[in-house]
Amino acid sequence: MKTAKTLILVFALVAFVCSCKNDNKEASTNSTVTQADNEPKERTGQAFIEDDGSTTVLSIAIGSKDHSTLVAAVQAAQLENALVNAGPLMVFAPTNDAFAALPEGTVENLLKPENKDALANILKYHVTPGNYSKDFLKKFKKLGQANNQYVKVEVVDGEPRIGGAKILGSVKAGNGIVHVIDKVLLPPTEE
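Computed from a predicted model, the values in this text were never measured in an experiment. (Residues numbered from 1 in each chain as written. Predicted model: local features only at pLDDT ≥ 70, side-chain atom pairs only at ≥ 80, totals over all residues. Heavy atoms only, no water.)

## A closer look at the nonpolar core
Membership of the largest hydrophobic core comes to 30 residues, with the highest contact counts inside it found for Val-57, Leu-83 and Leu-123. Listed by contribution, the elements that provide at least two residues to this core are α3 (57–62), α4 (68–76), β3 (89–94), α5 (96–100), α6 (106–110) and α7 (116–124). Tallying contributions element by element places α3 first for this core, with five residues. Of all hydrophobic cores here, the second largest spans 13 residues; its members include Ala-165, Ile-167, Ile-181 and Leu-185. (Core = buried A, V, L, I, M, F, W, Y, C linked by side-chain atoms within 4.5 Å. Buried < 20%, exposed > 50% of the residue type's maximum accessible area, 1.4 Å probe, protein only. Helix = DSSP H or I, 4+ residues; strand = E, 2+ residues; numbered from the N terminus.)

Below is the structure:
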């Protein structure tokens, strides 16, 4: 059951990020990706169906100029379909500035095809099953993320912090909620 919720969250996050980058409906239905052997493969799934007008967590990200790096990452990890599923999904969406604050070269390295799994793990760490408001998040000590790890929730000066990230704003979607955050959440490493 937990794995299913995780997969749904991951798909919703990916869909959210991909829909924000599409400028027209035709581009979203005819998108192609080059595989490692350089053979083009048509992208399929719910994220690539012509928009029916409902807002998803992915479409919110795609529509935000402040989340173009997140959208590019979701596309590179091919997680678009996860972010358009029914949900409910709670996506913690780092801004472009949050990605820029990472050590130099980190984003570029993660976007390489050979790092797709590591990138997907990081992105899944930004997705939680549920649809909780910023205030309701104060009731939690930790949240189970789509990558099967937990992120710590703290209350600092009356505001919830998710993995140390401050929530800058929240946008409701048809399949959940997007909480805009000021830093990239990095999953704990196993030692």
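## Comments concerning the sheet that holds strand β5 (residues 142–144)
Pairing is mixed across the open sheet formed by seven strands, whose spatial order is β4-β3-β9-β8-β7-β6-β5. The open sheet has two edge strands with one neighbour each: β4 (127–129) and β5. Ignoring which end each strand starts from, the neighbouring axes of this sheet average 35° apart. Pairing analysis gives four bridges linking strand β6 (residues 150–156) to strand β7 (residues 159–162), with the strands arranged antiparallel. Residue pairing in the sheet places Glu-154 in a bridge with Arg-161 of β7. (Pairing = 2+ DSSP bridges. Axes fitted to C-alpha atoms, helices over the stretch in contact; angles between N-to-C directions.)

## Examining unusual backbone geometry
Phi is positive for Asn-148, close to 70°, though the residue is something other than glycine. With respect to the helices and strands, Asn-148 occurs in the loop between β5 and β6. The exposure class of Asn-148 is partly exposed, given its relative accessible area of 42%. In this structure, Asp-157 is a non-glycine residue whose phi angle is positive, near 55°. Within the secondary structure layout, Asp-157 lies in the loop between β6 and β7.

## What about the pairing of strand β9 (residues 176–181)?
Most of β9 is tucked away: six of the six residues are buried. The side-chain alternation of β9 yields two buried faces, one formed by Gly-176, Val-178 and Val-180 and the other by Ile-177, His-179 and Ile-181. Alignment of β3 against β9, held across six bridges, turns out to be parallel. Of the residues in β9, the one forming a bridge with Leu-89 is Gly-176. Pairing of strand β8 (residues 165–173) with β9 involves six bridges; the strand directions are antiparallel. Paired with Ala-173 across the strands is Gly-176, a residue of β9. Once β8 ends, the chain turns through two residues before running back antiparallel as β9.

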